[in-house]
Amino acid sequence: MKIIIIGGGIIGLSSALYLQAAGHNITIVDRTDMLNGCSYGNAGYICPSHFVPLAAPGIVWQGLKWMLNSKSPFYVKPSLNSALVKWGLQFYKSATQSHVEKSAVPLRDIALLSKQLYEEWTKIPGLEFSYDPTGMLELFQQEASAHHAEHTIKAAKELGIEARLIDKATLQQMEPDTEINALGAVYFPGDAQLYPNQLMTSLIAYLKSKGVQFEGNREVTGFTKNGVITSKGNLEADHIVVAAGVWSGELAKLLHLNIPMVGGRGYSVTYEDAPWKVRRSVILSEARVAISPMNGNKIRFGGTMEITPVNTPPRMERVQGILESVKRYFPAYDIPLPTPDKVWHGYRPCSADGLPHIGTLKNYPNVTVATGHSMLGISLGAATGKLVSEIITGDQLSMDITPFKVDRF
Ligand SMILES: Cc1cc2nc3c(=O)[nH]c(=O)nc-3n(C[C@H](O)[C@H](O)[C@H](O)COP(=O)(O)OP(=O)(O)OC[C@H]3O[C@@H](n4cnc5c(N)ncnc54)[C@H](O)[C@@H]3O)c2cc1C
């Protein structure tokens, strides 16, 4: 089958990997040169520990409080934009305890499948992405967070995910390079980490070597009965995959499908051979900041969730907020605010309930959508690609994808 994949982020590339291996003829169309999108500067966590969706109780009120602080981890740019208002209402409705409980098993299953597949990818000759299975530490500074950590560990154990409470002394032994200001941490030994920039460039090179066609700097603007309309003319295909990240909602509209979606902008800064070190992935719980050691000699500081239209200028005070948070937990780490050109930002494709949308459209059986992975696109990327391939090829699915139905809104 001739298949066009719209979007060369992790979801599009992973789908291409499995569809090409299943014998299909693949063309990836992307409106950029595919060198710096959301799948590049992220924290690179493969995290079965993240079984709670973004839409969870408490986040709405916490978000409203944080909105008063320009350096806070979560920010919604006030707007009367109707898409944002509709997304906000749906998000508010989804952020319930019962949604969290219903989402835990599917999120666990797709994350564990993905992790297993990334481990298989490490054996593919030519694919390099600095996979590191040393687990993840979630540091906390407040008593309330310590209490919450106990709940998290209990919930993780019920799901069969290993999680341990680490006291301050043990934490300091695990991370001996500098003094840490935290009460303790939750350690998730089953989490892993990769270097996303390397994964993406390596995947592109690998797919090219397998005959996958790339059409960069070519925007898809519409659909025909058997193909797509692009900025450089029409392309024909037997099947189309929409994996366009935060822009998938707009493309879905053209197919009469409602996928409420907003961009959750996040920022990161990456240093090579820096004096600031951690030995494994670290999350600063209260600050919602991620610290990722990558590729031997790199360290990346990232975070913030800024719900904003994709064309607004980046806000350096949010980057400053990230670096100030790092200093609160790692008092010796004085990281100067970099110049704007050294700061990366990307737009997480945030669905309205924090779950991805994966499946074929009822009214357009030659279109499959895979999007809305929010904060988990890398973590769930390998599994999503495999599921897309199974859906299109008609193979037995590796897991039940009912919770990820494309038309659930
Ligand atoms: C600061 C930060 C940290 C993060 N950390 C993690 C993490 O540790 N672990 C994790 O799992 N996730 C993380 N994420 C989230 C993760 O980066 C995203 O979920 C993931 O990259 C989304 O991948 P995607 O392929 O859906 O979208 P994208 O990577 O955005 O790719 C979509 C592509 O579609 C193209 N496109 C869009 N519209 C069109 C069109 N009309 N025609 C042609 N092409 C089009 C775009 O140009 C783009 O290249 C993080 C995100 C941020 C911002």
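This section reports on the structure supplied with the text.

Thresholds applied
- Residues numbered from 1 in each chain as written.
- Predicted model: local features only at pLDDT ≥ 70, side-chain atom pairs only at ≥ 80, totals over all residues.
- Heavy atoms only, no water.
- Axes fitted to C-alpha atoms, helices over the stretch in contact; angles between N-to-C directions.
- Helix = DSSP H or I, 4+ residues; strand = E, 2+ residues; numbered from the N terminus.
- Left-handed = near helix turned anticlockwise from the far one by under 90°.
- Contact = heavy atoms within 4.5 Å.
- Nonpolar A, V, L, I, M, F, W, Y, C, P; charged D, E, K, R; others polar.
- Near = heavy atom within 4 Å.
- Polar contact = N/O pair within 3.5 Å; in protein donor to acceptor, adjacent residues only side chain to side chain.
- Areas by Shrake-Rupley, 256 points an atom, 1.4 Å probe, with all protein chains shown as cover.
- Pairing = 2+ DSSP bridges.
- Core = buried A, V, L, I, M, F, W, Y, C linked by side-chain atoms within 4.5 Å.
- Buried < 20%, exposed > 50% of the residue type's maximum accessible area, 1.4 Å probe, protein only.
- Expected span 1.5 Å × (residues − 1).
- Salt bridge = Lys/Arg side-chain N within 4 Å of Asp/Glu carboxyl O.
- 1 Å grid on protein atoms, 1.4 Å probe; cavity = no way out; pocket = protein on both sides within 12 Å on 5 of 7 lines; lining within 4 Å.
- Points joined across faces, edges and corners; volume = space filled by probe spheres on them.
- Parallel < 35°, antiparallel > 145°, perpendicular 65-115°, else oblique.

## Quick word on the packing of helix H1 (residues 10-21) against helix H7 (residues 196-209)
Inference 1: Contact geometry of H1 with H7 gives a least axis separation of 10 Å together with a crossing angle of 35 degrees. With respect to the hand of their crossing, H1 and H7 are arranged in left-handed fashion. The residues of H7 that touch H1, namely those facing Ile-10, Leu-13, Ala-16 and Leu-17, are Leu-199, Met-200, Leu-203, Ile-204, Tyr-206 and Leu-207.
Inference 2: Classifying every residue of the contact of H1 with H7 gives 10 nonpolar, no polar and no charged.

## Side note on the site of the ligand
Inference 1: Around the ligand, a shell composed of 36 residues is seen, among which Asp-30, Ser-39, Ser-374, Met-375 and Ser-379 lie nearest.
Inference 2: Within the backbone of Ala-43, a nitrogen or oxygen atom sits 3.0 Å from a nitrogen atom of the ligand.
Inference 3: Between an oxygen atom of the ligand and a main-chain N or O atom of Leu-376, the distance comes to 3.4 Å.
Inference 4: Against a free-state accessible area of 1,000 Å², the protein chains account for coverage of 96% of the ligand.
Inference 5: Contributing elements (two or more residues each) for the shell around the ligand: H1, strand E14 (261-272) and strand E18 (344-351).
Inference 6: With four residues, E18 is the largest single contributor of residues to the shell around the ligand.
Inference 7: Here the shell around the ligand is built from residues that sort into 18 nonpolar, 13 polar and five charged.

## Describing the sheet that holds strand E10 (residues 220-224)
Inference 1: As summarised here, the arrangement of the three strands in space is E10-E11-E12, forming an open sheet in which the pairing is antiparallel. Since the sheet does not close on itself, it has two edges, and those belong to E10 and strand E12 (233-236), each with one partner. This sheet shows a mean twist of 25 degrees between the axes of neighbouring strands, independent of strand direction.
Inference 2: Strand direction decides the pairing type here: strand E11 (residues 227-230) and E12, joined by four bridges, are antiparallel. Counted as the bridge partner of Gly-227 is Glu-236 from E12.

## Thoughts on the nonpolar core
Inference 1: With 68 residues, the main nonpolar core has Ile-5, Ile-28, Tyr-118, Trp-121 and Leu-207 as its most contacted residues.
Inference 2: Considering each element in turn, this core owes the most residues, eight residues, to helix H4 (residues 97-121).
Inference 3: Filtering out sequence-adjacent residues up to four positions away, Trp-121 remains in contact with Ser-14, Leu-17, Tyr-18, Leu-127, Phe-129, Leu-199, Leu-203 and Ala-382.
Inference 4: Among the nonpolar cores identified, the runner-up in size contains 32 residues, and Leu-139, Leu-284, Ala-287 and Phe-301 belong to it.

## Topic: the pairing of strand E7 (residues 184-188)
Inference 1: Within E7, five of the five residues are buried, which leaves the element mostly enclosed by the surrounding structure.
Inference 2: When strand E5 (residues 136-140) meets E7, the two strands line up antiparallel, connected through five bridges. Within E7, the position partnered with Phe-140 by the bridge is Gly-184.
Inference 3: As judged from the four bridges shared by strand E6 (residues 164-167) and E7, these two strands associate in the antiparallel manner. Following the sheet pairing, Ile-166 is matched in E7 by Ala-185.

## Digging into helix H9 (residues 316-329)
Inference 1: The end-to-end C-alpha separation of H9 is 21 Å, in line with the 20 Å expected for 14 residues at 1.5 Å each.
Inference 2: Contact partners of the buried residues in H9: strand E4 (74-76), E5, E14, strand E15 (281-284), strand E16 (289-294) and strand E17 (298-307).

## Some words on the pattern of salt bridges
Inference 1: Overall, the coordinates contain 19 salt bridges when judged by the stated rule.
Inference 2: We note a salt bridge from Asp-177 to Arg-279, for which the minimum N-O separation is 2.9 Å. Of this pair, Asp-177 sits in the loop between helix H6 (168-174) and E7 while Arg-279 sits in the loop between E14 and E15; the two residues are 102 residues apart in sequence, bridging distant segments of the chain.
Inference 3: Looking at Arg-279, the relative accessible area reads 46%, which means it is partly exposed.
Inference 4: Close ionic contact of Lys-342 with Asp-341 constitutes a salt bridge, the shortest N to O distance being 3.4 Å. Here Lys-342 and Asp-341 have matching classes, each one exposed.
Inference 5: Taken together, the salt bridges that share partners define one network made up of Arg-265, Glu-306, Arg-315, Glu-317 and Arg-318.

## Regarding the layout of surface pockets
Inference 1: Considering only enclosed or pocket space, the second largest pocket measures out at about 660 Å³ in volume.
Inference 2: Along the wall of the second largest pocket there are 25 residues; nearest its centre are Ala-83, Leu-84, Glu-250, Met-261 and Val-262.
Inference 3: Mapped onto the lining of the second largest pocket, the elements with two or more residues apiece are helix H3 (82-94), helix H8 (248-254) and E14.
Inference 4: The leading source of residues in the lining of the second largest pocket is H3, at five residues.

## Points about unusual backbone geometry
Inference 1: Although it is not a glycine, Met-34 adopts a positive phi angle of roughly 65 degrees.
Inference 2: Looking at the element boundaries, Met-34 is found in the loop between strand E2 (25-29) and strand E3 (45-46).

## Some words on the packing of H4 against helix H10 (residues 381-393)
Inference 1: As a packed pair, H4 and H10 sit with axes 7 Å apart at the nearest point and diverge in direction by 95 degrees. In terms of their interaxial angle, H4 and H10 are classed as roughly perpendicular. Contact residues: H4 offers Ile-110, Leu-113, Ser-114, Leu-117, Tyr-118 and Trp-121, while H10 offers Gly-381, Ala-382, Ala-383, Thr-384, Lys-386 and Leu-387.
Inference 2: Residue classes in the contact of H4 with H10 are distributed as eight nonpolar, three polar and one charged.

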